[in-house]
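Results of the structural survey
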Amino acid sequence: MYWLLIGVLIIAVILLFKFKEVRHRSGLLVLVVIILFFVITFSKIYSINKVDLKTFDGIVSIAKVYLSWLGNVFRNLVNIGGYAVKQDWSLNVTNLSVK
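A brief look at the structure comes next.

Parameters and conventions
- Residue positions are counted from 1 within each chain, in the order its sequence is given.
- At least 70 in pLDDT is required for a residue's local features to be given in this predicted model, at least 80 for side-chain atom pairs to be given and counted, and no such filter applies to totals for whole chains, interfaces and linings, which use all residues.
- To get the side-chain values, take all heavy atoms of the structure and skip hydrogens and water.
- Only DSSP runs of H or I reaching four residues or more are called helices, and only runs of E reaching two or more are called strands; each is numbered from the N terminus.
- For each residue, the accessible area found with a 1.4 Å probe, counting protein chains only, is set against the maximum for its type, and the residue is called buried under 20%, exposed over 50%, and partly exposed in between.
- Working rule for contacts: check all heavy atoms of both residues, and any pair within 4.5 Å makes them a contact.
- Only the protein chains shown count as covering a residue, and every accessible area follows the Shrake-Rupley method with a 1.4 Å probe.
- How far a helix is expected to stretch is found by multiplying one less than its residue total by 1.5 Å.
- For Phe, Tyr and Trp, where Trp contributes only its six-membered ring, two rings pair if their centres lie within 6.5 Å, and the inter-plane angle classes them as stacked under 30 degrees, edge-to-face over 60, or tilted in between.
- Put simply, a patch holds well-exposed residues, over 30% relative accessible area, that have no salt bridge, with like charges counted together within 9 Å and Val, Leu, Ile, Met, Phe, Trp or Tyr side chains within 5 Å.
- Only one rule defines a salt bridge in this text: a Lys or Arg side-chain nitrogen within 4 Å of an Asp or Glu carboxyl oxygen.

**Focus on the overall build of the protein**
- Of the regular secondary structure elements, the protein holds three helices and zero strands.
- Going residue by residue from the N terminus, the α and β elements of the protein occur as α-α-α.
- Looking at the 99 residues of the protein, the share that counts as buried comes to 13%.
- Considering only residue pairs separated by 6 or more positions, the protein has 40% of its internal contacts joining residues 24 or more positions apart.
- Summing over all exposed atoms, the protein offers an accessible surface of approximately 8,500 Å²; the carbon and sulfur share of this is 71%.

Right, here's the structure in full:
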């Protein structure tokens, strides 16, 4: 599994040097980060659950677990963002001293 990760990184570096414009490089970098996120998280969930990927039932099982985990990550990010938005980020005027 780690050979796949190393291969993706090598291909990403080669492609980054091929593209000259910054917007193409940044777009490719975002794509590589997203792919690395999926590969690393999928391999971690696969190693925890020890599912047989040679059977259809194993593939369906790991897909359910992974998509459930991904949904929980998204829900947690939304909750954290909502909590941050609800905070009072204004300047606390009571602790300021005027000179």
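**As for helix H3 (residues 56–86)**
- With 31 residues, H3 extends 45 Å between its outermost C-alpha atoms, agreeing within 8% with the 45 Å of an ideal straight helix rising 1.5 Å per residue.
- All buried positions along H3 are accounted for by Gly58, Ile62 and Tyr66.

**Quick look at the packing of aromatic side chains**
- The full count for this structure, using the stated rule, is five aromatic pairs.
- Pairing Phe42 with Tyr66 gives two aromatic rings, centres 5.6 Å apart and planes at 75°, and the pair type is edge-to-face. With Phe42 in helix H2 (residues 22–49) and Tyr66 in helix H3, this pair connects stretches of sequence that are 24 residues apart.
- An aromatic cluster is present here, built from Phe37, Phe38, Phe42, Tyr66 and Trp69 joined pairwise through their rings.

**Overview of a nonpolar patch on the surface**
- A contiguous nonpolar surface patch, about 430 Å² in accessible area, is contributed by Val30, Ile34, Phe37, Phe38 and Trp69.
- It is H2 that provides the largest number of residues to the nonpolar patch, a total of four residues.
- Residue class for Ile34 comes out partly exposed when judged on its relative accessible area of 39%.

Structural measurements only, silent on function.
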